Amino acid sequence: MEKRKMENLGIETSLLGFGCMRFPTGGDGKIERTQAKAMLEKAMAAGVNYIDTAYPYHGGESELFVGEVLKEHARDSFYLATKLPVWEVKSLEDVDRIFNRQLEKLQVEYIDFYLMHALNRGSFKEMRDMGVVERLEQLKAEGRIRYLGFSFHDSYETFEEILSYRDWDFCQIQLNYMDTEEQAGLKGYTLAEKKGVPMVIMEPVKGGSLAAFAQDITEKFRAHDPQASMASFALRWVGSLPNVKVVLSGMSNMEQVEDNLKTFGDFKALSQAEQATVQEVVALMKSRIQNGCTGCRYCMPCPAGVNIPGAFGCWNRYHMYQNYNVVKNHWENDLGDAQQPKNCIKCGKCEQVCPQHLHIREDLERAQADLDAKEYIV
């Protein structure tokens with residue numbers, strides 16, 4: 001198993017981290033514990049020593065389950081990461097209540113990697129003004145937290161502000177080869193590397209979007225290795241960055257565990273030729289975007305209830321990945337019948353205010369037709 005040293009902390013973590021938010025579940029929505037335990041045990045036996053969970057994962061069940069599995073292992077054989085749900089913190093008393101409950105659920109006396117969960121500009125200001133950072137620093141001084149960091153979803157400018165606030169032990173961002181300019185992005189990676197802050201990466205396969213492609217893209221990757229999974233190229237792209245110390249994968253079945261162990265058990269950074277193929281794939285997928293909607297929402301609210309930017313987001317991703325499954329949940333459930341383009345009444349109000357001067361009415365009609373057709377199913 002590939003290991004990476006966090007120089008500032010003097011420890012080594014497995015480059016593959018087990019993300020505990022997508023365990024297999026049964027019909028009742030509960031974790032399939034026998035199957036999930038076998039997955040976690042297999043990964044740990046192969047050398048995975050970074051286990052990442054959080055207070056809300058699996059409706060709060062993830063921490064309980066992880067605690068039950070890890071209690072059978074020596075405490076110094078793994079690094080345990082969990083997170084403070086900042087949206088539930090209204091006072092410092094909430095910090096103590098939640099943290100103590102997490103220790104209880106996880107059946108440990110300390111947390112190795114403790115993160116302020118999903119910080120953005122607003123939540124960071126609230127936590128800073130409330131004194132939450134200082135309270136977490138006290139818990140660290142008491143030995144109940146070993147390393148203090150944060151996970152992040154906002155702009156680069158906000159990332160720079162938070163990263164520069166104090167000397168963080170580590171930080172966690174979303175990064176993959178399609179999202180190099182989204183959120184903190186590669187610019188944020190470079191800043192953290194410059195400051196000597198080790199990075200944990202989430203969404204390296206973009207929620208599964210980079211795990212299955214139409215035949216044309218699949219063939220480009222398989223030209224390098226006919227036996228390799230599409231996901232392995234995405235994971236290796238992230239792992240090729242030297243300041244990435246842990247790449248989190250939210251594994252949902254044993255096949256994914258085995259594939260990831262194959263990727264990280266004998267890890268190889270992407271070659272120059274493979275990097276070139278990744279850039280070619282990114283350019284190809286971006287060329288398939290159907291319109292230039294930026295999601296600015298000037299067109300909203302729609303009098304007919306259509307979620308215009310949401311519909312265009314689905315439409316563009318559908319064509320980029322040529323895979324209906326990438327957008328299926330968002331299209332069918334998040335938008336559903338009520339917010340889909342078929343409800344457009346052609347009033348034209350949206351086009352009067354669109355900064356991109358898009359032909360919104362025409363594009364909505366095309367989007368509905370394309371997604372109803374479901375031509376691309378991988």
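Structural data are supplied above this passage.
Description of the structure in this document. Because the structure is a prediction, the values reported are computed rather than measured. (Residues numbered from 1 in each chain as written. Predicted model: local features only at pLDDT ≥ 70, side-chain atom pairs only at ≥ 80, totals over all residues. Heavy atoms only, no water.)

## Structural notes on the packing of aromatic side chains
Any pair of aromatic rings gets described here by the distance separating the centres and the angle formed by the planes.
Logical step 1: Under the defined criterion, the tally for this structure stands at 18 aromatic pairs.
Logical step 2: With a centroid separation of 6.5 Å and an interplanar angle of 40°, the aromatic rings of tyrosine 177 and phenylalanine 221 are classed as tilted. Taken together, the residues tyrosine 177 in the loop between strand 8 (170–174) and helix 7 (185–195) and phenylalanine 221 in helix 8 (residues 215–222) connect sequence positions 44 residues apart. Grouping residues by exposure puts tyrosine 177 and phenylalanine 221 together as buried.
Logical step 3: Connected via pairs of aromatic rings, a cluster forms that spans Tyr50, Tyr79, Phe113, Tyr147 and Phe170.
Logical step 4: The ring centre of tyrosine 110 lies 4.0 Å from the NZ or CZ of arginine 75, which sits over that ring.
Logical step 5: The ring of tryptophan 168 has arginine 166 sitting right over it, with the charged end atom 4.9 Å from the ring centre. (Phe/Tyr/Trp six-rings, centres within 6.5 Å; stacked < 30°, edge-to-face > 60°. Helix = DSSP H or I, 4+ residues; strand = E, 2+ residues; numbered from the N terminus. Buried < 20%, exposed > 50% of the residue type's maximum accessible area, 1.4 Å probe, protein only. Lys NZ or Arg CZ within 6 Å of the ring centre and 35° of its normal.)

## Things to note about helix 3 (residues 92–106)
Logical step 1: Between the first and last C-alpha of helix 3 there are 21 Å, a value that for 15 residues agrees with the 21 Å anticipated at 1.5 Å per step.
Logical step 2: Where helix 3 is concerned, the buried positions are Asp94, Val95, Ile98, Phe99, Gln102, Leu103, Lys105 and Leu106. Along the axis of helix 3, the buried positions cluster into a sector of 165°, meaning they face one direction only. When the buried face of helix 3 is taken as reference, the exposed residues oriented beyond 90 degrees from it are Glu93 and Glu104.
Logical step 3: Looking at the buried side of helix 3, the elements it contacts are helix 2 (61–70), strand 5 (79–84), strand 6 (111–119), helix 5 (132–141) and strand 7 (145–152).
Logical step 4: In the segment just after helix 3, glutamine 107 is the residue with positive phi, at about 60°. (Expected span 1.5 Å × (residues − 1). Arc of directions from axis to C-beta. Contact = heavy atoms within 4.5 Å.)

## Section: the sheet that holds strand 5
Backbone hydrogen bonds hold the strands of a sheet together, and the pairing may be parallel or antiparallel.
Logical step 1: Here we have eight strands rolled up into a closed barrel, ordered 3-4-5-6-7-8-9-10, and parallel in their pairing. Across this sheet, the average inter-strand angle for adjacent strands is 25°, counted without regard to direction.
Logical step 2: As defined by bridge partners, strand 3 (residues 16–19) adjoins strand 10 (residues 244–249) across three bridges and the pair is classed as parallel. Bridge assignment links leucine 16 to a residue of strand 10, and that residue is valine 247.
Logical step 3: Contacts from helix 3 reach strand 5, strand 6 and strand 7 within the one sheet, and its direction differs from that of strand 5 by about 145°. (Pairing = 2+ DSSP bridges. Axes fitted to C-alpha atoms, helices over the stretch in contact; angles between N-to-C directions.)

## Notes on the side chain of arginine 236
Logical step 1: Within the secondary structure, arginine 236 is located in helix 9 (residues 230–239).
Logical step 2: Once residues within four sequence positions are removed from consideration, arginine 236 is found in contact with Thr263, Phe267, Lys268, Ala269, Leu270, Ser271 and Glu274.

## Comments concerning unusual backbone geometry
Logical step 1: In this chain, methionine 300 is followed by proline 301 through a cis amide linkage whose omega measures 0°.
Logical step 2: Relative to the elements of secondary structure, proline 301 occurs in the loop between helix 11 (272–287) and helix 12 (308–321).
Logical step 3: The phi dihedral of glutamine 107 falls on the positive side, at around 60°, and the residue is not glycine.
Logical step 4: Following the sequence through the fold, glutamine 107 ends up in the loop between helix 3 and strand 6.
Logical step 5: Accessibility expressed as a relative area gives 42% for glutamine 107, which makes it partly exposed.
Logical step 6: Of note in the backbone geometry, histidine 357 takes a positive phi value of approximately 55° without being a glycine.

## Some words on helix 5
Logical step 1: Considered for burial, the residues of helix 5 that qualify are Val132, Val133, Arg135, Leu136 and Leu139. Angular distribution of buried residues about the axis of helix 5 spans 160°; they occupy a single face of the element.
Logical step 2: Where helix 5 is buried, its residues touch strand 5, helix 3, strand 6, helix 4 (121–130) and strand 7.
Logical step 3: Directly beyond the C-terminal end of helix 5, a positive phi value near 85° is found at glycine 143.

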